[in-house]
Amino acid sequence: NRTVFPVLSYTTTILAQQLSLIDAALFTNIKPDEFYKCGWNSKSKEDKSPNLVRMITHFNAVTTWIKTFILTQRDIKRCAKIISYFIHLGKDFFHAHNFFSMMAVTVSLSSPPVSRLNKTWALVSAEAKSIFSDTLQNTFDPH
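None of the values given here were measured: they were computed from a predicted structure. (Residues numbered from 1 in each chain as written. Predicted model: local features only at pLDDT ≥ 70, side-chain atom pairs only at ≥ 80, totals over all residues. Heavy atoms only, no water.)

Undergrad: What should I look at first to understand the environment of Lys129 in this one?
TA: Relative to the elements of secondary structure, Lys129 occurs in helix α8 (residues 126-140). Sequence separation between Lys129 and Ile83 is 46 residues; the distance between their C-alpha atoms is 9.6 Å. Among residues more than four places away in sequence, those in contact with Lys129 are Trp121, Ala122 and Val124. A distance of 3.1 Å separates a polar atom in the side chain of Lys129 from the backbone oxygen of Trp121. (Helix = DSSP H or I, 4+ residues; strand = E, 2+ residues; numbered from the N terminus. Contact = heavy atoms within 4.5 Å. Polar contact = N/O pair within 3.5 Å; in protein donor to acceptor, adjacent residues only side chain to side chain.)

Below you can see the structure in the form of structure tokens.
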């Protein structure tokens, strides 16, 4: 029997705090020499940049989790509610200055499989869509 993690039973603030603690623990373990000669891209990346690889793996796991959680919903209204939840989670990361996890949320919601859910996005409130475009996406827009 698997234990189900009832994500929506937690406020976005609490989840942002908990994920930020995980991020901070991973980040503080990274040593400066792990960046040397892009060691995380080499064949021996686990030897050259083990903590950086853990951070990248964590980022990928969070983005996969968010996308999967959204895309496995059968009910369009619940799916819209979950998208809104993650938008607000991203806003909480922004206010906490956790741009690492904010990027994970933004990348997930901007991914083609999620962004193409036009009927679902139509049910997301204008306020949430504004937060997504004005805060989350614009923070990482180079223009």
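Undergrad: Mind showing me how you'd approach the packing of helix α4 (residues 76-95) against helix α5 (residues 99-110) here?
TA: To characterise two packed helices, one gives the angle between the axes of the helices and the distance between these axes. Two elements in contact, α4 and α5, have axes whose closest approach is 8 Å; the angle formed by their N-to-C orientations is 155°. Relative to α5, α4 is oriented roughly antiparallel. Between α4 and α5 lies a crossing whose hand is left-handed. Contact residues: α4 offers Ile83, Phe86, Ile87, Leu89, Gly90, Phe93 and Phe94, while α5 offers Phe99, Ser101, Met102, Val105 and Leu109. In terms of residue class, the contact of α4 with α5 is made up of ten nonpolar, two polar and no charged. (Axes fitted to C-alpha atoms, helices over the stretch in contact; angles between N-to-C directions. Parallel < 35°, antiparallel > 145°, perpendicular 65-115°, else oblique. Left-handed = near helix turned anticlockwise from the far one by under 90°. Nonpolar A, V, L, I, M, F, W, Y, C, P; charged D, E, K, R; others polar.)

Undergrad: I tried to follow the packing of aromatic side chains on my own but got confused; where do I start?
TA: One pair of aromatic rings is described through two measures. These are the centre distance and the angle between the planes. Summed over the entire model, instances satisfying the criterion amount to seven aromatic pairs. Where Tyr85 meets Phe86, the ring centres are 5.7 Å apart and the plane angle is 85°; that geometry is what we call edge-to-face. A ring pair is formed by Trp121 and Phe132, whose centres lie 5.4 Å apart and whose planes are at 35°; its orientation type is tilted. One end of the pair, Trp121, is in helix α7 (residues 118-121); the other, Phe132, is in helix α8, with eleven residues separating them in the sequence. Here Trp121 matches Phe132 in class, with each residue buried. Members of the aromatic cluster, connected to one another through ring pairs, are Trp65, Phe69, Tyr85 and Phe86. (Phe/Tyr/Trp six-rings, centres within 6.5 Å; stacked < 30°, edge-to-face > 60°. Buried < 20%, exposed > 50% of the residue type's maximum accessible area, 1.4 Å probe, protein only.)

Undergrad: It is not clear to me how unusual backbone geometry should be interpreted in this structure. Could you clarify?
TA: Most of the time, phi is negative for any residue but glycine, and the peptide bond is trans. Even without a glycine there, the phi angle at His97 is positive, about 60°. By secondary structure assignment, the location of His97 is in the loop between α4 and α5. Residue classification places His97 among the exposed positions, given a relative accessible area of 60%.

Undergrad: Just checking my understanding: could you explain the side chain of His88 for this structure?
TA: Of note, His88 is situated in helix α4. Residues in contact with His88, not counting those within four places in the same chain, are Thr12, Glu127, Ala128 and Ile131.

Undergrad: How should the side chain of Asn98 be read in this particular structure?
TA: When you line up the elements, Asn98 lands in the loop between α4 and α5. Once residues within four sequence positions are removed from consideration, Asn98 is found in contact with Ser20, Asp23 and Phe93.

Undergrad: Looking at this model, I keep getting lost on the nonpolar core. Mind explaining?
TA: For soluble globular proteins, the rule of thumb is that nonpolar side chains tend to be buried together. Grouped together as the largest cluster of nonpolar side chains are 29 residues, with contacts concentrated most on Ile70, Ile83, Phe86, Ile87, Val105, Leu109 and Trp121. Among the secondary structure elements, those contributing two or more residues to this core are α1 (12-28), α3 (50-71), α4, α5 and α8. Among the elements that line this core, the one with the most residues is α4, at nine residues. Those residues within four positions of Ile87 in sequence are excluded, and the remaining contacts are Leu109, Trp121, Val124, Ala128, Ile131, Phe132 and Leu136. (Core = buried A, V, L, I, M, F, W, Y, C linked by side-chain atoms within 4.5 Å.)

Undergrad: How should α4 be read in this particular structure?
TA: Helix length check: α4, at 20 residues, gives a terminal C-alpha distance of 29 Å against a target of 28 Å (1.5 Å per residue), a fit within 8%. Positioned one or two residues after α4, His97 has a phi angle of 60°, which is positive. (Expected span 1.5 Å × (residues − 1).)

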